[in-house]
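# Fold and contact review
The chain contents come next:
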Amino acid sequence: MTCFKQIMNVLLVQQDMAHDQLKIKRNLFLSAPKQTIPQDPLAHNGSGLEENVEKSSAHLRVAKNSVLSFITRTVDLICGIVSVVLVARYLGVSLFGEYAFVRSVVFVLVSLMDFGMARILVREVSVQKNVAARLVNSTLLLNIILGLIACGIAVSVIYFFPASRHITPGIMIIAVVSDLFMVMTHTVSGVFVAYENFILELIARTISRSLIIITFFAIVLSDLGFASFFYALTVANLTALVFALVILKLKFFMTPLKPNMGSIIYILKESYSIAISIAMLQGQNNIFVFFLKLFRDPVEVSLFQAPNRLIQQILIVPQSFFLAYVPILSRMASHESRFADLVQVYHNMLKYIMIFTLPFCIVTYVFVPDIVLLVFGHEFVPATASFRILIWAVILLFVNIFLDFMITALKHQNVLIISTGLCLCVSGILGMFLVNQFGYIGASWATLLAYSTMALVNFYYVSKYVGMIQLGQVIFKPLASAGMLMLILHCVQGVNRSLVIIPGVMFYFCVLYLLKVYSREEVTAIVDFITNLLKKKWGGRNK
């Protein structure tokens, strides 16, 4: 019986009684954590109706949190796409390259300011709520200290690259401070995530992203210039931080910035490996911008970074679901009795990542010329070539995000240094040659090869800890089906391809079904699960 079928049976056991019983059990868990009652349904070893209700509670929480987290990331996705479009069209292909360079420097420094502490915060508070206040206070203090260091680094960096009258020390400081506020907001939101109160994170994110879009539109309409975009980001992120702190104080606890050396040392010890791996990953993501700035010109920076930024926004989709699953994954990994469930989740997640990302990449590849023209305008038409290369990185990035969460949940985050380090080395070696020789096209191919290296290394380590998956079921069969879809779209070049997309994708899923990549029971379970979830959600409101 598959994991999805188990969920379906659980949901069908109790349609009416489950809602009230779950409320009672949740109150028991929160008010009496030291009793013999397990702190989480996934750690419960009982049987019968009570176990079914508790498992239903866990899966319903994941589903609800996934929806809220998905909405939150959708807000990020919309804001990211709209802001990239506005900035690119307003600044033009040359000046957008300068903007992209500043943002790339800040993206790398964000890993220093965050230092991987948000993940550790969520992991620890998910299991031990009583340490939340102490960890949040220490993490926020560390964010500020590391932010000041980041400002100094940002100012010094600009002197190693060709001079630009648009990029000044003041601009770099404002850009770093803007993302410092964002990092601190993520720290506070980590408490919301750990308490599985994702609606608060959604509100905070919606406030900042709405302000970004509004102020960016105002800048474009009023023609306020290059620097105004960085001031707008600062105001929006500061507003979101103030809101998050107020909610934290009203609903959870006070957060005076009192240093606790024990907590600070523990956080740094647990997060340094994640920080190093994220810093190397951000370095890999942006190293080609730096190479293009050194060896080429801002125009080629734009032609590479414009499609790359769109692809980075797409990553919000897997992050939304995987982030919602972090508390459950952490508990699965910490209890031997739930390890089999963790293995099943690992297998299913990788399978469905492959199933859904492959047709997305194929369809996007076909329509890249239209997307570039619609989103960026005629100046960015040469970016079509780089976009068609970079779109395949979506598959690798989706897989890597999930593998990162798995490795962290298993408490083997130290190995992330190895995978991201190899990825950065590959990027550096390939970048020195390919970017110098082939410009932004070389940077695109180097990016794809570097991501492949990281995916293979992370896959090796997760397989080492949880076992090897069925490669034919998860990888080879979806690839074969995707190849057929690509062949169909290639053979209908003389026809309006938009008319062939839906039949082609349907054919793709039919082939997957015939190859037994997924079963009818899985489809039925997913449909019933969503139906029951919606009935419970809206039926409860109507009552």
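Residues numbered from 1 in each chain as written. Predicted model: local features only at pLDDT ≥ 70, side-chain atom pairs only at ≥ 80, totals over all residues. Heavy atoms only, no water.

Let us now look at the packing of helix α6 (residues 169-194) against helix α7 (residues 198-222). One can describe the packing of α6 onto α7 by two numbers: an axis separation of 8 Å at closest approach and a directional angle of 160°. By the angle between their axes, α6 is roughly antiparallel relative to α7. The hand of the α6/α7 crossing is right-handed. On α7, the residues that touch M182, H186, S189, F192 and V193 of α6 are F198, L200, E201, R205 and R209. The residue inventory of the contact of α6 with α7, partitioned by class, reads 5 nonpolar, 2 polar and 3 charged. (Axes fitted to C-alpha atoms, helices over the stretch in contact; angles between N-to-C directions. Helix = DSSP H or I, 4+ residues; strand = E, 2+ residues; numbered from the N terminus. Parallel < 35°, antiparallel > 145°, perpendicular 65-115°, else oblique. Left-handed = near helix turned anticlockwise from the far one by under 90°. Contact = heavy atoms within 4.5 Å. Nonpolar A, V, L, I, M, F, W, Y, C, P; charged D, E, K, R; others polar.)

On to the layout of surface pockets. Here the second largest pocket is characterised by a volume of approximately 460 Å³. Forming the walls of the second largest pocket are 18 residues, and the residues nearest its centre are M354, I395, L396, A455 and I475. Listing elements by their share of the lining of the second largest pocket, those giving two or more residues are α12 (339-375), α14 (393-409), α15 (415-466) and α16 (471-491). It is α15 that contributes the most residues to the lining of the second largest pocket, 5 residues altogether. Taken together, the residues of the lining of the second largest pocket break down into 17 nonpolar, 1 polar and no charged. (1 Å grid on protein atoms, 1.4 Å probe; cavity = no way out; pocket = protein on both sides within 12 Å on 5 of 7 lines; lining within 4 Å. Points joined across faces, edges and corners; volume = space filled by probe spheres on them.)

Bringing α14 into the picture now. Taking 1.5 Å as the rise per residue, α14 with 17 residues should run 24 Å; its terminal C-alpha atoms sit 24 Å apart, in good agreement. Where burial is concerned, most of α14 is hidden: 17 out of the 17 residues are buried. Positive phi shows up at K411, right after α14, with a value of about 65°. (Expected span 1.5 Å × (residues − 1). Buried < 20%, exposed > 50% of the residue type's maximum accessible area, 1.4 Å probe, protein only.)

Moving on, we get to the pattern of salt bridges. Summed over the entire model, instances satisfying the criterion amount to 3 salt bridges. For E98, the salt bridge is made with K293, and the minimal N-O distance between the two is 2.8 Å. In this pair, E98 is assigned in helix α3 (residues 49-114) and K293 in helix α9 (residues 261-295), connecting sequence segments 195 residues apart. Given a relative accessible area of 9%, E98 falls into the buried group. The salt bridge partner of R296 is E300, with a shortest N-O separation of 3.2 Å. Owing to a relative accessible area of 14%, E300 belongs among the buried residues under this scheme. (Salt bridge = Lys/Arg side-chain N within 4 Å of Asp/Glu carboxyl O.)

This part takes up empty space enclosed by the protein. All chains considered together, the criterion is met by 2 cavities of 30 Å³ or more. Here the second largest cavity is characterised by a volume of approximately 40 Å³. Forming the walls of the second largest cavity are M182, T185, H186, R205, S208, R209, N237 and A240. Taken together, the elements giving at least two residues each to the lining of the second largest cavity come down to α6, α7 and α8 (228-251). Of the residues in the lining of the second largest cavity, the class split is 2 nonpolar, 4 polar and 2 charged.

Within this structure, the stated rule accounts for 20 aromatic pairs. Ring plane angle 65° and centroid distance 5.7 Å describe the contact between Y90 and F229, whose orientation is recorded as edge-to-face. Residue Y90 is found in helix α3, and its partner F229 is found in helix α8; the two are separated by 139 residues along the sequence. Overall, Y90 belongs to the partly exposed group, its relative accessible area being 22%. An angle of 80° between the planes, with centres 5.1 Å apart, marks the rings of Y508 and F509 as edge-to-face. (Phe/Tyr/Trp six-rings, centres within 6.5 Å; stacked < 30°, edge-to-face > 60°.)

Turning our attention to the nonpolar core. Core analysis: the biggest nonpolar cluster contains 155 residues, and Y99, F216 and Y346 have the highest contact counts within it. If one sorts the elements of this core by residue count, α3 sits on top with 19 residues. Excluding its chain neighbours within four sequence positions, the residues that come into contact with Y99 are V87, L91, F216, F226, F229, F230 and L233. Membership of the second largest hydrophobic core comes to 5 residues, among which are V122, V193, F198 and L202. (Core = buried A, V, L, I, M, F, W, Y, C linked by side-chain atoms within 4.5 Å.)

What follows covers α7. Its 25 residues place the ends of α7 36 Å apart at the C-alpha level, agreeing with the 36 Å of an ideal helix rising 1.5 Å per residue. Those residues of α7 not exposed but buried are F198, L200, E201, L202, A204, R205, S208, R209, I212, F216 and I219. The first or second residue beyond α7 is D223, which carries a positive phi of 55°.

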